[in-house]
Amino acid sequence: MTTVTTCCVVGGGPAGMVLGYLLARAGIAVTVLEKHGGFLRDFRGDTIHPSTAQLMDELGLGTAFGRLPIRTVDTVHLVTDDGTYAIADFSRIPGPHRLGFLPQWDFLNFLTEQAERYPGFDLRMRAEAVDVVRHGTRIAGVLVRDTDGELSELHADLIVAADGRDSTIRAAVDLPIVEHGAPIDVLWFRVSKHDDDPESAFGRLTRGHFMVMIDRGDYWQAGYLIVKGEHEHLRAEGIDEFRRRVADVAPFLSDRLDEISSWDDAPLLSVQVNRLRRWWRPGLLCIGDAAHAMSPVAGVGINLAVQDAVAAARILAGPLRTGRVSPWHLARVQVRRTLPTAVTQRVQRLAQDRVISPVIHGEAGGRTPLVIRALDRVPALRTVPAFAIGHGVLPEHVP
Ligand SMILES: Cc1cc2nc3c(=O)[nH]c(=O)nc-3n(C[C@H](O)[C@H](O)[C@H](O)COP(=O)(O)OP(=O)(O)OC[C@H]3O[C@@H](n4cnc5c(N)ncnc54)[C@H](O)[C@@H]3O)c2cc1C
């Protein structure tokens with residue numbers, strides 16, 4: 001069976017859902033394919049950046065969005081052996097919004113509800129794009145597998161691959177990718193939060209250990225950074241050794257680390273930093289993680305994905321409406337979003353190589369890195385990381 005739409009977005013993550021919403025709002029028929037049956041799944045970042053909150057205001061959704069259970073943070077702290085350091089201050093950046101945290105499924109469900117008000121919006125859950133359909137050199141559609149394993153074709157004027165860092169669609173069209181590599185991996189786990197726990201601090205570092213902690217109300221979502229390739233070795237040492245390491249960097253968690261009962265409770269995120277050399281082929285555009293996997297440093301992957309979607313909607317809505325999307329339009333999206341992506345990845349790689357890597361290799365310790373002490377000492381400096389995380393380079397605005 002073959003169906004036809006104007007734009008097919010593969011992947012209902014932050015990039016795909018924001019693009020789906022914006023195109024439907026612009027009166028364009030858009031089908032979003034999501035291979036999962038719902039948005040409730042493993043933790044993959046909850047950050048609502050000030051730019052996203054501002055976007056909701058610009059779309060007139062600010063009031064409804066503000067009713068969601070978003071927890072906001074003014075200042076981000078890092079705890080080291082020397083003390084607690086303030087490293088980013090969101091109260092200093094322009095605009096009313098701070099750094100927010102909202103379970104990602106709440107955000108995606110909200111976007112779905114809003115998008116469904118527009119007749120052109122069609123979200124197909126449990127629909128996995130398994131390949132592309134070609135007409136000559138142009139990508140003209142995708143092959144979709146539904147829950148029963150049935151295959152069908154969905155044809156569209158434009159396919160947008162927003163299917164994440166292991167993108168099937170990107171692989172199917174063989175776009176060249178530049179791997180920057182990463183010296184770290186992350187083990188994610190959760191442990192319960194007690195009333196007498198220290199105030200939330202985002203990072204804790206001590207010689208040999210670096211851990212990120214996100215306050216999610218009644219539990220901590222934690223990410224323990226390891227040297228890339230160390231996972232097998234750590235597993236061989238056993239879960240008790242992992243618990244001991246966590247207790248070293250956050251001693252107040254010692255009384256509840258048996259909640260990490262096996263390695264299943266601490267899945268590995270293999271960190272990748274990469275970027276497509278070309279984000280498009282005739283009839284196809286990649287955005288979000290499918291175009292550029294970001295390091296978890298500073299938690300900006302969602303922001304980049306959302307901003308890509310806004311730029312794509314702004315540049316492509318007109319041509320989609322008239323049925324005239326050309327390679328030139330697709331290249332314009334890449335040109336617009338390459339600078340923010342490249343600059344952010346460069347800064348992330350510097351932080352990985354100069355700050356995090358020496359710490360987790362046990363080469364740095366004792367004294368807190370100079371850059372962290374400088375941020376704490378000079379309040380005005382804390383505006384820089386807050387703006388970079390909160391809005392990023394070349395922030396996008398609603399068409
Ligand atoms: C453990 C973890 C923690 C993170 N923490 C943060 C954080 O704190 N802050 C932050 O900003 N970023 C964080 N990130 C990164 C962030 O999740 C990504 O950068 C962001 O989600 C990218 O959005 P996306 O829409 O491009 O891709 P994704 O969010 O990966 O969405 C892709 C979607 O496509 C679907 N899909 C995949 N293949 C297909 C297919 N063939 N057919 C149909 N659907 C398909 C997937 O199911 C998924 O829903 C984290 C990532 C991980 C893994």
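Residues numbered from 1 in each chain as written. Predicted model: local features only at pLDDT ≥ 70, side-chain atom pairs only at ≥ 80, totals over all residues. Heavy atoms only, no water.

K.L.:
I would appreciate a short explanation of empty space enclosed by the protein in the present structure.
P.N.:
Over the atoms, a rolled probe matching the size of one water molecule traces out where space is still vacant. Scanning the model with the defined rule gives two cavities of 30 Å³ or more in all. In this structure, the largest cavity occupies an estimated 40 Å³ of space. Around the largest cavity sit Asn-303, Leu-304, Gln-307, Arg-337, Pro-340, Thr-344, His-391, Gly-392 and Val-393, which together line it. Only helix H8 (301-322) and helix H9 (327-360) provide two or more residues apiece to the lining of the largest cavity. Classifying every residue of the lining of the largest cavity gives three nonpolar, five polar and one charged. Taken together, Gly-45, Asp-46, Thr-47, Ile-48, Leu-102, Gln-104, Phe-107 and Ile-302 form the lining of the second largest cavity. When residues of the lining of the second largest cavity are traced back to their parent elements, those giving at least two are strand S3 (47-48) and helix H4 (104-115). (1 Å grid on protein atoms, 1.4 Å probe; cavity = no way out; pocket = protein on both sides within 12 Å on 5 of 7 lines; lining within 4 Å. Points joined across faces, edges and corners; volume = space filled by probe spheres on them. Helix = DSSP H or I, 4+ residues; strand = E, 2+ residues; numbered from the N terminus. Nonpolar A, V, L, I, M, F, W, Y, C, P; charged D, E, K, R; others polar.)

K.L.:
Can you walk me through the packing of helix H1 (residues 14-25) against H8 in this structure?
P.N.:
A pair of packed helices is captured by two measures, namely the crossing angle of their axes and the spacing between those axes. Here H1 crosses H8 at 30 degrees, and the two axes come no closer than 8 Å. Judged by the angle between their axes, H1 and H8 are roughly parallel. Where H1 crosses over H8, the two elements pack in a sense that is right-handed. Contact residues: Pro-14, Ala-15, Val-18, Leu-19, Leu-22 and Leu-23 in H1; Ile-302, Ala-305, Val-306, Ala-309, Val-310, Ala-312, Ala-313, Ala-317 and Leu-320 in H8. Residues of the contact of H1 with H8, tallied by class, amount to 15 nonpolar, no polar and no charged. (Axes fitted to C-alpha atoms, helices over the stretch in contact; angles between N-to-C directions. Parallel < 35°, antiparallel > 145°, perpendicular 65-115°, else oblique. Left-handed = near helix turned anticlockwise from the far one by under 90°. Contact = heavy atoms within 4.5 Å.)

K.L.:
What should I look at first to understand the domain arrangement of the chain in this one?
P.N.:
Interface size, as often reported, equals the accessible area lost upon joining of the parts. According to the domain assignment, the chain contains domain 1 (2-72 + 101-179 + 273-356) and domain 2 (184-269). The straight-line distance from the C-alpha centre of domain 1 to that of domain 2 is 31 Å. Contacts between domain 1 and domain 2 engage ten residues on the former and twelve residues on the latter. Between domain 1 and domain 2 the total buried area reaches about 1,000 Å² when both faces are included, carbon and sulfur atoms providing 72% of it. By the criterion of area lost to domain 2, the three top residues of domain 1 are Phe-43, Arg-71 and Ile-356, representing 50% of everything that side buries. Where domain 1 meets domain 2, there are one salt bridge. In this structure, the connection of domain 1 to domain 2 is made through two residue pairs in polar contact (both at pLDDT 80 or more). Among the residues forming the side of domain 1 that touches domain 2, the class breakdown is six nonpolar, one polar and three charged. (Domains from an automatic or database assignment. Buried area = accessible area lost by both parts, 1.4 Å probe. Salt bridge = Lys/Arg side-chain N within 4 Å of Asp/Glu carboxyl O. Polar contact = N/O pair within 3.5 Å; in protein donor to acceptor, adjacent residues only side chain to side chain.)

K.L.:
So what exactly am I meant to see when it comes to the pattern of salt bridges here?
P.N.:
Opposite charge on two side chains lets them pair, provided their charged atoms get close. Taken as a whole, this structure holds 17 salt bridges when the rule is applied. Two residues, Arg-244 and Asp-248, come together in a salt bridge whose shortest N-O distance is 2.8 Å. On the criterion of helical spacing, the pair formed by Arg-244 and Asp-248 is a turn pair, its members being four residues apart in helix H7 (residues 239-249). Look at the salt bridges and you will find they share partners, linking Glu-230, Glu-241, Arg-244, Arg-245 and Asp-248 into a network.

K.L.:
When you look at the sheet that holds strand S13 (residues 184-192) in this model, what are you seeing that I'm missing?
P.N.:
Across the sheet, seven strands lie side by side as S6-S5-S14-S15-S16-S13-S17; this open sheet has mixed pairing. Where the open sheet ends on each side, the last strands, each with one partner, are strand S6 (83-89) and strand S17 (268-269). Of the strand pairs in this sheet, strand S14 (residues 203-206) and strand S15 (residues 209-215) are connected by four bridges, and their pairing is antiparallel. Within S15, the residue paired with Gly-203 across the bridge is Val-212. Helix H10 (residues 370-377) rests against strand S5 (75-80), S6 and S14 of the sheet, and its axis sits at about 75 degrees to S6. (Pairing = 2+ DSSP bridges.)

K.L.:
How do you make sense of unusual backbone geometry when you look at a structure like this?
P.N.:
With the exception of glycine, the majority of residues adopt a negative phi angle, and the majority of peptide bonds are in the trans configuration. Although it is not a glycine, Arg-126 sits at a positive phi angle of roughly 50 degrees. Mapped onto the elements, Arg-126 comes out in the loop between strand S8 (121-125) and strand S9 (128-135). With a relative accessible area of 46%, Arg-126 lands in the partly exposed category. Phi at Leu-394 is positive, roughly 50 degrees, even though this residue is not glycine. (Buried < 20%, exposed > 50% of the residue type's maximum accessible area, 1.4 Å probe, protein only.)

K.L.:
Can you walk me through the layout of surface pockets in this structure?
P.N.:
Roughly 180 Å³ of internal volume is contained in the second largest pocket. Around the second largest pocket sit 15 residues that line it, and Ala-53, Phe-65, Ile-70, Thr-72 and His-97 are the ones nearest its centre. Mapped by element, the contributors of at least two residues to the lining of the second largest pocket are helix H2 (50-58) and helix H3 (62-66). In terms of residues, the lining of the second largest pocket owes the most to one element, H2, which gives four residues. In the lining of the second largest pocket, the residues fall into seven nonpolar, six polar and two charged.

K.L.:
Would you explain the site of the ligand in this entry?
P.N.:
As a matter of local geometry, the ligand sits amid 32 residues, with Glu-34, Arg-44, Thr-47, Asp-289 and Ile-302 nearest to it. The backbone of Gly-45 places a nitrogen or oxygen atom 3.5 Å from a nitrogen atom of the ligand. Interatomic distance of 3.5 Å between a side-chain N/O atom of Thr-168 and a nitrogen atom of the ligand. When the ligand sits alone it has 1,000 Å² of accessible area, and the protein chains cover 89% of it. (Near = heavy atom within 4 Å. Areas by Shrake-Rupley, 256 points an atom, 1.4 Å probe, with all protein chains shown as cover.)

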